[in-house]
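Coordinates in review
Letter by letter, the chains look like this.
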Amino acid sequence: MTKASAVRQLALIILACFLIIPCMARALEDNCSLVLLSQYEDGKLYRIDNLLVLQLSGSYREMGRQEGYLLKDQIHDYYNDSVINYFIRENNMSYERLALDSLERFNHYPKRFRDIISGISETSGLSLVNVTILSRVPYIAPGCSAVYAWKDYSRDGLTIAGRNLDFYSPMEDFINYTIVCVYNPTDGSHSVASVCRLTQLEIHTGMNDQGIFLEANDGSSSGGSIFFPNRITYLGSFLFDYSTLDQLDAAIHSSNIDWATLLNVADDREARSYEWATFDLKRAMPIRDGFLASTNHFVNPEWGIAHLQGDPYNTTLRRDNLLDMGERYRGKFDARVMMSVLDTDTKNGGPSGDFTRLKVVAVPGEKELWVKIPKYQNWTEVDLMDLFRSEQ
């Protein structure tokens, strides 16, 4: 090769680097950036890879109308897959029974949430009864795990939160209908982001614009399986209405729960765990200052509950594993480490398994979520600062 040809080849390589590397960088950026798909009134539908992100703004009825219009096709698909095929055809559930139970619940909702459901029905083409049934498709299940690190356990002393949502049933077939739904109400309430299924009102994984993160786990293995249909403890109301953990604490102590629940909440400075039976409420204090693990059984000794026989859904194993991992990563917890913890299965000392259908990491101080839907969507960052209304 002559000197001249060598120089030309080197020049071509350098030029290629200038052309290709920026394109690769843009591709990676696009893979984690919001892509606008459609818009209706003041609502917008985005996509980050396979994850749909819904940004709603206005009155509660207007936000419902936006959701119904922007997700019309997905809502009909979800209804057919879950209500028609799974509940009625495969499990012989009566449509009349589903409608009666769902409407009874709907009639007990606060007006703001009835308005959301009514708005969805107006623009989706699905009847009010059918939207109400769909909104009640179960989303809380035994097997969930929550883990929080702050103070000496996190890298910067601020709170990092993680949660796994587990299902031990074919309900996994509907996990691809999971979205991030961001409500920006114009009535003075807080903006709220919920990781949920289409049309789902109950918020079991969410954060508001004040950086309050909330997640709920089933607590029936300790608190019993009594259900009170005339009690409406809509956990999402806490995020819409309250700005601090102390306000949230007062609201929790002023309410009765309809089903035994472990409610775990956090801001950027600490996390708190509430073991909430239908007949009593107790705070579960962290056994380590700066680290909290909560699964599906009550641990406050004041309950006087004996050790669970058979360890249903591995709730004790999962919590013990999380406590061990807390010590292993003490002082190192950030979003990436928390993702690694949630990705570790029970056989290797973690909380996860084939039963895990949804994983979420939250950084309250940054108003940031990371969402993973196993077998469907890898870890995806959702920056809520860009989605909450700008004046907040």
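Preceding block: the structure.
Residues numbered from 1 in each chain as written. Predicted model: local features only at pLDDT ≥ 70, side-chain atom pairs only at ≥ 80, totals over all residues. Heavy atoms only, no water.

To continue, consider helix H5 (residues 111–124). Spanning 14 residues, H5 covers 20 Å between terminal C-alpha atoms, matching the ideal 20 Å at 1.5 Å per step. In terms of residue burial, H5 counts as a mostly covered element, since 11 of its 14 residues are buried. Within the span of H5, buried status applies to Arg112, Phe113, Asp115, Ile116, Ile117, Ser118, Gly119, Ile120, Ser121, Thr123 and Ser124. Just downstream of H5, glycine 125 is the residue with a positive phi angle, here 85°. (Helix = DSSP H or I, 4+ residues; strand = E, 2+ residues; numbered from the N terminus. Expected span 1.5 Å × (residues − 1). Buried < 20%, exposed > 50% of the residue type's maximum accessible area, 1.4 Å probe, protein only.)

Moving on, we come to unusual backbone geometry. The phi angle at asparagine 92 is positive, at roughly 55°, despite the residue not being glycine. Within the secondary structure layout, asparagine 92 lies in the loop between helix H3 (72–90) and helix H4 (95–108). Phi is positive for lysine 151, close to 50°, though the residue is something other than glycine. Structurally, lysine 151 is set in the loop between strand E4 (145–149) and strand E5 (160–166).

Glancing now at the environment of tyrosine 86. Relative to the assigned elements, tyrosine 86 resides in helix H3. In this structure tyrosine 86 comes out as buried when scored by relative accessible area, which is 12%. When the C-alpha atoms of tyrosine 86 and phenylalanine 174 are compared, they prove to be 9.9 Å apart, with 88 residues separating the residues in sequence.

Let us now look at the sheet that holds strand E7 (residues 192–197). Strand order in this open sheet of 10 strands is E1-E2-E3-E6-E7-E8-E9-E10-E11-E12, and the pairing throughout is mixed. The strands lining the two open edges of the sheet, one partner per strand, are strand E1 (35–40) and strand E12 (281–284). Adjacent strand axes in the sheet meet at a mean angle of 20°, parallel and antiparallel pairs treated alike. Here helix H9 (residues 245–253) sits on the sheet in contact with strand E10 (261–266), strand E11 (271–276) and E12, set at roughly 5° to E11. (Pairing = 2+ DSSP bridges. Axes fitted to C-alpha atoms, helices over the stretch in contact; angles between N-to-C directions. Contact = heavy atoms within 4.5 Å.)

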